[in-house]
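# Observations on the three-dimensional arrangement
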Amino acid sequence: MLGMCRGRRKFVAASLALFFIPALTWLYLSSANFTVKPLPLSPLDPQSSVLIGAAAEHQDLELQLRDVEEHNHALRREISLPPRVPTHSSHHSNSRQGNQLHTHSTEEGTGDSEAKKGVASGNSSDCVPQPVVNKCEVSILNQDLTKRLFSLCVRRNPLHFHFITDSIARKILADLFHTWMVPAVHVNFYDADELKSEVSWIPNKHYSGIYGLMKLVLTKTLPTNLQKVIVLDTDITFATDIAELWVVFHKFKGQQVLGLVENQSDWYLGNLWKNHRPWPALGRGFNTGVILLLLDRLRKLKWEQMWRLTAERELMSMLSTSLADQDIFNAVIKQNPFLVHQLPCFWNVQLSDHTRSEKCYKDVSDLKVIHWNSPKKLRVKNKHVEFFRNLYLTFLEYDGNLLRRELFGCPSETDHNSENLQKTLSELDEDDPCYEFRRERFTVHRTHVYFLHYEYKPDLDNTDVTLVAQLSMDRLQMLEAICKHWEGPISLALYLSDAEAQQFLRYAQGSEVLMSRSNVGYHIVYKEGQFYPVNLLRNVAMGQVNTPYMFLSDIDFLPMYGLYEYLRKSVVQLDMGNTKKALVVPAFETLRYRLSFPKSKAELLSQLDMGTLFTFRYHVWTKGHAPTDFAKWRTATTPYRVQWEADFEPYVMVRRECPEYDRRFVGFGWNKVAHIMELDAQEYEFVVLPNAYMIHMPHAPSFDITKFRSNKQYRACLKTLKEEFQQNMSRRYGFAALKYMTVDNNS
């Protein structure tokens, strides 16, 4: 987010994508000295950016949008080149010295109640000596941290993030940063629950509750060596290098410790409605969406004591805050106006239907910070809202993997994880015809777990089961049907690009079925590489299961109605808690796109006899499910055990602690077979459930199966990987695994 050095061009960055993290998250980041070239956004569509106004203004906006597109193409050309070897300098020896910046989120001054999200912003110029900011800090306080993290990392300087968050947000952010592997980014976490007592005594009407007040305790919360900090609401869009804002600290005089923009609504004037009685403020008051704080001076002024005494006094008559921390900040300023350095309003252009925001700029090119502080967000009435909206939407769909590269040869701190990965990849033989397959095993895919809001309350009987599956955009239509067939928890890994993730978000938000379910965990694995990483996706989905058991399925299967409860009962009946069993759910298929789904085993058998249904893959791959013994299943009334056979790949329910899938298998072929072989090697007992079934629904063949069928080299590499896996099994499990080497496993 932080471009700590000034550049020759402005970088447009920011976003407020919905992360739906149900938790407060503070974030702070640091950077070493640096100078960098600005990173433009992905292309904007000039036609969609036409604004209401004069022809000259229209033409000017189109030129600006085209300029952004040209910058983006230049960036992509630069990224396509081999990375340059950075010339290390004294930058890094200073990475933990000097001034610091900080960013934070909470409520704005229009009295809206829309949840806040991320924070953002840009960068600098060429790698030549420039005036620099030694170290910059950013911190965010919010309930729904968003993809603004993308913009936080769009820079070339080292960054150090410090998150104050609950356990859920910590999990999400830790996975995201670990898998994103942005160069020179370090992350630390702090427990938000430890800070609640500092502000829990303040009655607050704001939707954010206690989290909307934590900005008040910055001086006590943040490390004492932080001297300066920029605080941002998370519905902020930066349209310039944030280093320009950092320079404003040099304009502070005397006892000024707060840099703020005047509130652009009439909230603190008290004339919005009859009997409107806001907290005291100086004139129109100040909006806390953007704050520059001199932390060291605030501590010397005993800020903690100052705001507490003010809050206690005002609460005697006001009873509660309406705008959380903003009310208390303004009350303190009312008594101590010398604390404030008033910022030009283009540093916090507050977009709402009833603000004076358009007086802050003559042209959109003058904008520095756009603040979406209205419940309407992107639907506000503003002369240039189309331009703002396109800026925001473009950023949402930008490819986050571009940030993994060392751009323009600028130096940065060494990333040991990245170094180890590069070393591993360098040891692979690039002349190996299966090199791309082997490389895929070590690809680190950027992962965003719990992309949408998720809630789960553990059941006391310890029998709960989560359905696990993976999918790409072309299987999205299956989600609603699966949710109707399975009422229990679901963990899904979705393989999507950044643009597709936004399409999925809109799809999910428009679906009553999906929005009515809070026990479905959606985990985005962002696209990279040429293969579909099927087993990685399964492992990601399995890794987020928080029930004792999981049903390992595929997205194109519909479980029978009532399977969730049936499996839970089977946990007790088959003593799953004390034995190693894999409960097999027999798989069937239909070639009809419209199927009267059987509501009982008897109805399924009838459709099987009529040819409406078939045992799964009976016509192309009978070996995969033959050991299930469908003939026995037809008349079975009790569970029965079956033996592992070559190429057996049933769909099973197992304990959460079962082994992961082997990542060497990507695309089509042997991905489930290898996992079932591993279960057998670990002495899992395969037990077929007599009254359970699932049905595969027809769909167009995947790209990977098409490659398997048409590409001889693809099939040869799969055979090689299979043999290597069998050899690994023999080494791991010894004599008992020799059978995997001797059986005839024809793929």
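Basis of the calculations
- Residues numbered from 1 in each chain as written.
- Predicted model: local features only at pLDDT ≥ 70, side-chain atom pairs only at ≥ 80, totals over all residues.
- Heavy atoms only, no water.
- Helix = DSSP H or I, 4+ residues; strand = E, 2+ residues; numbered from the N terminus.
- Buried < 20%, exposed > 50% of the residue type's maximum accessible area, 1.4 Å probe, protein only.
- Areas by Shrake-Rupley, 256 points an atom, 1.4 Å probe, with all protein chains shown as cover.
- Axes fitted to C-alpha atoms, helices over the stretch in contact; angles between N-to-C directions.
- Parallel < 35°, antiparallel > 145°, perpendicular 65-115°, else oblique.
- Left-handed = near helix turned anticlockwise from the far one by under 90°.
- Contact = heavy atoms within 4.5 Å.
- Nonpolar A, V, L, I, M, F, W, Y, C, P; charged D, E, K, R; others polar.
- Pairing = 2+ DSSP bridges.
- Disulfide = S-S within 2.5 Å.
- Salt bridge = Lys/Arg side-chain N within 4 Å of Asp/Glu carboxyl O.
- Phe/Tyr/Trp six-rings, centres within 6.5 Å; stacked < 30°, edge-to-face > 60°.
- Lys NZ or Arg CZ within 6 Å of the ring centre and 35° of its normal.
- Patch = residues over 30% accessible without salt bridge, like charges linked within 9 Å, V, L, I, M, F, W, Y side chains within 5 Å.
- Core = buried A, V, L, I, M, F, W, Y, C linked by side-chain atoms within 4.5 Å.
- Expected span 1.5 Å × (residues − 1).
- Lys, Arg positive; Asp, Glu negative; His and termini not counted.
- Charge placed at Lys NZ, Arg CZ, Asp CG, Glu CD.
- pLDDT = per-residue confidence, 0-100.
- Polar contact = N/O pair within 3.5 Å; in protein donor to acceptor, adjacent residues only side chain to side chain.

Across its full length, the protein holds 23 helices and 25 strands. A buried classification covers 61% of the 747 residues belonging to the protein. On the protein, roughly 29900 Å² of surface is accessible, and the fraction owed to carbon and sulfur atoms is 51%.

This part takes up the packing of helix α20 (residues 671-681) against helix α22 (residues 712-733). For the pair α20 and α22, interaxial distance at closest approach is 11 Å and the crossing angle is 15 degrees. One finds that α20 runs roughly parallel with respect to α22. Handedness of the α20/α22 crossing: right-handed. Between α20 and α22, the contacting residues are Ala 674, Met 677, Glu 678 and Ala 681 on the first element and Phe 725, Gln 726, Met 729, Arg 732 and Tyr 733 on the second. Among the residues forming the contact of α20 with α22, the class breakdown is 6 nonpolar, 1 polar and 2 charged.

Okay, the sheet that holds strand β22 (residues 640-642) next. Taking strand neighbours across the sheet as the criterion, the 9 strands line up as β13-β16-β15-β14-β17-β23-β19-β24-β22 in an open arrangement whose pairing is mixed. Only two strands of the sheet have a single neighbouring strand rather than two, namely β13 (447-448) and β22. Pairing of β13 with strand β16 (residues 520-526) involves 2 bridges; the strand directions are antiparallel. Bridged to His 448 within β16 is Ile 524. In the packing of helix α13 (residues 478-485) onto the sheet, contacts are made with β14 (465-472), β15 (490-496) and β16, and the angle to β15 comes to roughly 175 degrees.

A few words on the state of the cysteines. Covalent bonding between the sulfur atoms of two cysteines is what defines a disulfide. What the rule picks out here adds up to 2 disulfides. In this model Cys 345 forms its disulfide with Cys 360; the gap between the sulfur atoms is 2.2 Å. For the disulfide bridge between Cys 345 and Cys 360, the dihedral angle about the S-S bond is near -130 degrees, and by the sign convention the bridge is left-handed. Taken together, the residues Cys 345 in the loop between β10 (340-342) and β11 (349-350) and Cys 360 in the loop between β11 and β12 (369-371) connect sequence positions 15 residues apart. Residue class for Cys 345 comes out partly exposed when judged on its relative accessible area of 25%. A sulfur-sulfur separation of 2.2 Å characterises the disulfide bridge that pairs Cys 434 with Cys 717. Sign of the S-S torsion, about -100 degrees for the bond between Cys 434 and Cys 717, identifies this disulfide as left-handed.

What follows deals with the pattern of salt bridges. Enumeration according to the criterion identifies 29 salt bridges in this entry. Put simply, Arg 308 and Glu 304 hold a salt bridge, and the shortest N to O gap is 3.4 Å. Note that Arg 308 and Glu 304 are positioned in helix α8 (residues 303-318) at a spacing of 4 residues, about one turn of the helix. One network of salt bridges, with partners in common, ties together Glu 198, Lys 220, Glu 304 and Arg 308.

Let's shift gears to the packing of aromatic side chains. What the rule picks out here adds up to 26 aromatic pairs. Between Phe 665 and Phe 725, the ring centres sit 5.7 Å apart and the planes meet at 75 degrees, which makes this aromatic pair edge-to-face. Taken together, the residues span a long stretch of sequence, with Phe 665 in the loop between β23 (651-655) and α20 and Phe 725 in helix α22 at a distance of 60 residues. Of the two residues examined, Phe 665 and Phe 725, each falls in the buried class. Taken together, the ring pairs connect Trp 246, Phe 249 and Phe 252 into an aromatic cluster. Directly above the aromatic system of Phe 346 lies the positively charged group of Lys 368, at a separation of 5.8 Å from the ring centroid.

Take a nonpolar patch on the surface next. Side chains of Phe 735, Leu 738 and Met 741 sit close together on the surface and give an oily, nonpolar patch of about 340 Å² of accessible area. Within the secondary structure, Met 741 sits in helix α23 (residues 739-742). With relative accessibility at 39%, the residue Met 741 sits in the partly exposed group.

Bringing the nonpolar core into the picture now. By size, the foremost hydrophobic cluster in this structure holds 109 residues, and its most contacted members are Leu 492, Phe 504 and Phe 551. The residues contacting Phe 551, other than those within four sequence positions of it, are Val 465, Thr 466, Leu 467, Val 468, Trp 486, Leu 563, Leu 567, Val 585, Tyr 651, Val 652, Met 653 and Met 694.

Turning next to helix α10 (residues 385-396). Here α10 spans 17 Å end to end across 12 residues, near enough to the 16 Å set by a 1.5 Å rise per residue. For α10, a buried count of 10 out of 12 residues is recorded, marking the element as mostly surrounded by other parts of the structure. Three or more residues of α10 are buried, namely Val 385, Phe 387, Phe 388, Arg 389, Asn 390, Leu 391, Tyr 392, Thr 394, Phe 395 and Leu 396.

Taken together, the side chains of Asp 429, Glu 430, Asp 431 and Glu 436 define an acidic patch exposed on the protein surface. With respect to the helices and strands, the residue Glu 430 is situated in the loop between α11 (416-426) and α12 (435-440). Taking the relative accessible area as the measure of exposure, Glu 430 reaches 62% and is therefore exposed.

Here we take up unusual backbone geometry. With glycine set apart, most residues show a phi of negative sign, and most peptide bonds adopt trans. In this structure, Leu 319 is a non-glycine residue whose phi angle is positive, near 70 degrees. Structurally, Leu 319 is set in the loop between α8 and α9 (325-335).

With mixed pairing, the 4 strands of this open sheet are ordered in space as β18-β25-β20-β21. Two strands lie at the open edges of the sheet, namely β18 (557-559) and β21 (614-615), each paired on one side alone. Note: strand β20 (residues 587-589) against β21, 2 bridges, orientation antiparallel. Its bridge partner lying in β21, Glu 589 is registered against Phe 614.

The share of residues in the protein with pLDDT of 70 or more is 75%, and the mean pLDDT across the chain is 77. Taking the mean pLDDT of every element in the protein, the minimum, 31, falls on strand β1 (residues 13-14) and the maximum, 98, on strand β17 (residues 549-552). When the criterion is pLDDT under 50, residues 1-58 qualifies, and its contacts beyond four places in sequence or with other chains add up to 324 contacts. Every residue in residues 140-144 scores below 50 in pLDDT, and together they form 46 contacts with partners more than four places removed in sequence or on other chains.

Let us now look at the environment of Thr 590. With respect to the helices, strands and loops of the structure, Thr 590 is situated in the loop between β20 and α18 (601-610). The class for Thr 590 is buried, based on a relative accessible area of 1%. Considering only alpha carbons, one finds Thr 590 and Leu 613, 23 residues apart in sequence, at a separation of 4.8 Å. Excluding residues that lie within four positions of it along the chain, Thr 590 makes contacts with Leu 595, Thr 612, Leu 613, Ile 695, His 696, Met 697 and Pro 698. A distance of 3.1 Å separates the side chain of Thr 590 from the backbone nitrogen of Arg 592, its partner in a polar contact.

A word on the environment of Phe 668. Within the secondary structure, Phe 668 is located in the loop between β23 and α20. By relative accessible area, which is 31% here, Phe 668 ends up partly exposed. With 36 residues separating them in the primary sequence, Phe 668 and Asp 704 have C-alpha atoms 5.5 Å apart. When near neighbours in sequence (up to four residues on either side) are disregarded, Phe 668 contacts Asp 704, Ile 705, Phe 708, Tyr 714 and Leu 718.

Below, the discussion takes up the environment of Tyr 495. As for its placement among the helices and strands, Tyr 495 is situated in strand β15. Given the relative accessible area of 4%, Tyr 495 is considered buried. Along the primary structure Tyr 495 and Ile 524 are separated by 29 residues, whereas in three dimensions their C-alpha atoms are 6.2 Å apart. At 3.1 Å, the side chain of Tyr 495 forms a polar contact with the backbone oxygen of Glu 528.

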